[in-house]
Amino acid sequence: MPRGYAFSRIVQSLVTLVLVSLVVFAGLRALPGDPAVALAGPEADDAAIEQIRHSYGLDQPLPVQYATWLGRAVRGDFGESATTGLPIGEIILGRIPVTVELAVLSLLFAALVGLAAGVVSAVRRGGPLDWLGNGLSLFGLSIPNFWLGLMCVLVFAVWLGVLPASGFVPFTESPWENLERMVLPAFVLGSGLAAVLMRQMRSSMLDTLGSDYVRTARAKGAGEWRVVGVHGLRNSLITVMTILGLQLGALISGAVVTEQIFVLPGFGKLMVDSVFTRDFPVIQAAVLVTAAGYIAVNLAVDLLYSVVDPRIRVRGGAR
């Protein structure tokens, strides 16, 4: 991978992250009301409010507040929670593994089901498998996460009793119980992404299989599965990788709802609880960490482009 290509993408990502931090900081300061009054509570007197304002640096000019907050955030210090008094960094680190596990399992489910269904649907275009794949993808796109989650709890936990309805057990304590409790959330969160991947994969594969170089490979006597697996699948993955990167934001927002339904103590539930308790420092840190994760994934996708398609790294390195 050319260093120029990777360096330019990393610089762009850092600039984007700084701009996001500005938007996050300014957005919370633009909310109506005095943050110090919200943090102190409705029954606090003027002295307590002034103490809160001084403790959180809210009596400083906004550029100073931003520079102080960003400098501490770079070192991993997001301050303390306004409701619990615990360090926000420790709170986030305690919640992130749950959401990461949920996201990874959802991505695995979506990639395995969506890509396989898309390839089969494109190869068997117009047949029963194509109709079945299109029907299931339409179902996955049409059903809201919260409704699918409630129906899964009703069927698998209440009626059949084969899976637990809610709760979380760390993988280190009991791997089996952990996976047992993550099956339904991962299926609910990954079903929509699997439908999107299936449709994108099918469309991309149809375009690729109609290309001249694929017809040339067939004319040379290459087997059908070699044509599909080597020539068709690799070139179709570029579009799918873009979708995977863009869908991460939807996956995180979907995790907020999914974690609430299945009572998972993850990052999404932390954000919802912080909004209800008006814990502004936690909200600010959670949004920044989410944006940083989104930017990091898109950076990884950009770098993977150059591995999958050499034409991209040649153009990127020539800039």
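Use the structure listed above.
*Asks:* Give a detailed account of the overall build of the chain, specifying residues and quantitative values.
*Replies:* Per the secondary structure count, the chain includes 13 helices and zero strands. Overall, the chain shows an N-to-C arrangement of helices and strands of α-α-α-α-α-α-α-α-α-α-α-α-α. Over its C-alpha atoms, taken along the principal directions, the chain stretches across nearly 85 × 60 × 35 Å. Residues counted as buried form 38% of the 319 residues belonging to the chain. Look at the contacts in the chain between residues 6 or more apart in sequence, and 73% of them connect residues 24 or more apart. A total accessible area of about 17,300 Å² is found for the chain, and carbon and sulfur atoms account for 67% of it. Distance from the positive charge centre (23 side chains) to the negative charge centre (22 side chains) of the chain: 19 Å.

*Asks:* Just give me the short version of the packing of aromatic side chains, but keep the residues and values in it.
*Replies:* For the coordinates displayed, the defined rule picks out four aromatic pairs. For the ring pair F109 and F187, a centre distance of 5.5 Å and an interplane angle of 70° mean the geometry is edge-to-face. Highlighted residues: F109 in helix α5 (residues 88-123) and F187 in helix α8 (residues 175-209), separated in sequence by 78 residues. On the accessibility criterion, F109 (26% relative accessible area) is partly exposed. One aromatic cluster is present, built from ring pairs that chain together F25, Y66 and W69.

*Asks:* Account for the packing of α5 against α8, with residues named and values stated.
*Replies:* In the contact formed by α5 and α8, the axes pass within 5 Å of each other and the chain directions differ by 35°. In this structure, α5 meets α8 at a crossing whose hand is right-handed. Among the residues forming the contact of α5 with α8, the class breakdown is 23 nonpolar, seven polar and two charged.

*Asks:* Which residues make up the environment of Q247, and what values go with them?
*Replies:* Relative to the helices and strands, Q247 resides in helix α10 (residues 224-261). With a relative accessible area of 25%, Q247 lands in the partly exposed category. When neighbours within four sequence positions are excluded, Q247 is seen to be in contact with L193 and V196.

Thresholds applied
Residues numbered from 1 in each chain as written. Predicted model: local features only at pLDDT ≥ 70, side-chain atom pairs only at ≥ 80, totals over all residues. Heavy atoms only, no water. Helix = DSSP H or I, 4+ residues; strand = E, 2+ residues; numbered from the N terminus. Buried < 20%, exposed > 50% of the residue type's maximum accessible area, 1.4 Å probe, protein only. Contact = heavy atoms within 4.5 Å. Areas by Shrake-Rupley, 256 points an atom, 1.4 Å probe, with all protein chains shown as cover. Lys, Arg positive; Asp, Glu negative; His and termini not counted. Charge placed at Lys NZ, Arg CZ, Asp CG, Glu CD. Phe/Tyr/Trp six-rings, centres within 6.5 Å; stacked < 30°, edge-to-face > 60°. Axes fitted to C-alpha atoms, helices over the stretch in contact; angles between N-to-C directions. Left-handed = near helix turned anticlockwise from the far one by under 90°. Nonpolar A, V, L, I, M, F, W, Y, C, P; charged D, E, K, R; others polar.

Any functional reading would require information beyond the geometric quantities listed.
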